[in-house]
Amino acid sequence: MKKRLVLLGAPGSGKGTQAEMITRHFGIPVTSPGAILRREKDLGTPLGLETAEITQHGGLVPDATIVKLIEDWLRLHGAHGFVFDGFPRTAPQAESLNEILARHRTPLDLAIWLDVSEQTVADRIAGRLQCRSCGFVTSVTSGNFSERPVCPYCEGPLVRRNDDDASVLQTRLKEYHAKTEPLAKFYDKSGALHRIDGNRDRETVFKDISRLIESK
Ligand code: AMP
């Protein structure tokens, strides 16, 4: 089974949703720098407060900060593989990950790219709700929610992310096109890249991802 995975794609491409499905189904541990930073901010830690300004406006946090988060996480949880949701996002991050994995002689198995249209991104971001407690992602249209929607898994509050507004999304997309999209070539060269049509419903996308993970 393939168990060292990175999930790449535009904001709203379904990385978080698929990462969560992978971890539930295959038990591969997942982490997301974006989720870590949101939690740190909610807790009011120095890291959360230092990075809040950047994340709120849709910019990218400095590579060194993100790579350190990933290295720390790998040291504690990396023994059984990983799914990275939203890492790497820049060429220096991808190179750092390669160096870390080479040091441990554990090459990356898959770089899964979720391809989505601009319309899909706009629709998903406009309707996205996320559980503040466990990170579960859903949409305003997918449930019969009362005025205070709650998470079906942990009953935490479902809220809109503060970087999910239309103008911040433009900055996030700019960063994605300029800094993340070039990584497709990087992972294509190493043979790890697999592109999946992420415009479809979550179960259909997950079937394709599962096939890749189970492939020899
Ligand atoms: P996400 O939850 O993946 O959409 O990330 C939310 C925000 O966290 C991003 O818009 C960035 O500000 C920051 N962030 C998450 N992952 C990274 C990364 N790999 N490199 C730099 N900044 C990141």
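Located above this text is the structure these notes cover.
Residues numbered from 1 in each chain as written. Predicted model: local features only at pLDDT ≥ 70, side-chain atom pairs only at ≥ 80, totals over all residues. Heavy atoms only, no water.

So, about helix α5 (residues 91–103). Spanning 13 residues, α5 covers 18 Å between terminal C-alpha atoms, matching the ideal 18 Å at 1.5 Å per step. Taken as a whole, α5 has its buried residues at Gln93, Ala94, Ser96, Leu97, Ile100 and Leu101. Angular distribution of buried residues about the axis of α5 spans 160°; they occupy a single face of the element. In α5, the exposed positions that point more than 90 degrees away from the buried face belong to Glu99, Ala102 and Arg103. The elements touched by buried residues of α5 are β1 (4–9), α4 (63–77), β3 (82–85) and α8 (183–190). (Helix = DSSP H or I, 4+ residues; strand = E, 2+ residues; numbered from the N terminus. Expected span 1.5 Å × (residues − 1). Buried < 20%, exposed > 50% of the residue type's maximum accessible area, 1.4 Å probe, protein only. Arc of directions from axis to C-beta. Contact = heavy atoms within 4.5 Å.)

Turning to the nonpolar core, a few remarks are in order. Val6, Phe82, Phe84, Leu108 and Tyr187 are the most contacted members of the largest nonpolar core, which has 32 residues in total. Sorting elements by how many residues they give to this core places α4 first, with six residues. By size, the runner-up hydrophobic cluster in this structure holds 17 residues, among which are Leu5, Ile28, Leu114 and Phe206. (Core = buried A, V, L, I, M, F, W, Y, C linked by side-chain atoms within 4.5 Å.)

Further remarks concern the sheet that holds strand β5 (residues 128–131). The strand order β6-β5-β7 describes an open sheet built from three strands, whose pairing is antiparallel. Edge positions in the open sheet fall to β6 (137–139) and β7 (158–159), since each of these has one partner strand only. Pairing geometry for β5 and β6, over three bridges, is antiparallel. If you follow leucine 129 over to β6, its bridge partner there is threonine 138. (Pairing = 2+ DSSP bridges.)

Once that is clear, we can look at unusual backbone geometry. Cis geometry marks the peptide bond from phenylalanine 87 to proline 88, where omega comes out at -5°. By the element assignment, proline 88 lies in the loop between β3 and α5. Although it is not a glycine, arginine 105 sits at a positive phi angle of roughly 50°. Note on placement: arginine 105 falls in the loop between α5 and β4 (110–115). Unusually for a residue other than glycine, glutamate 155 sits at a positive phi of about 65°. Relative to the assigned elements, glutamate 155 resides in the loop between β6 and β7. Judged by its relative accessible area of 65%, glutamate 155 falls in the exposed class.

With that settled, consider the packing of aromatic side chains. Under the counting rule described, the total for this entry stands at six aromatic pairs. Relative to phenylalanine 206, the ring of phenylalanine 26 has its centre 6.3 Å away and its plane inclined at 55°; by these criteria the two rings are tilted. Within this pair, whereas phenylalanine 26 is found in helix α1 (residues 15–26), its partner phenylalanine 206 is found in helix α9 (residues 202–214), the two being separated by 180 residues in sequence. According to the relative accessible area criterion, phenylalanine 26 is buried, its value standing at 16%. For phenylalanine 206, a relative accessible area of 11% corresponds to the buried category. Between phenylalanine 84 and phenylalanine 87, the aromatic rings sit 5.5 Å apart at their centres with planes inclined by 90°, giving edge-to-face as the arrangement. Note on phenylalanine 84: relative accessible area 0%, which makes it buried. A relative accessible area of 1% means that phenylalanine 87 is categorised as buried. (Phe/Tyr/Trp six-rings, centres within 6.5 Å; stacked < 30°, edge-to-face > 60°.)

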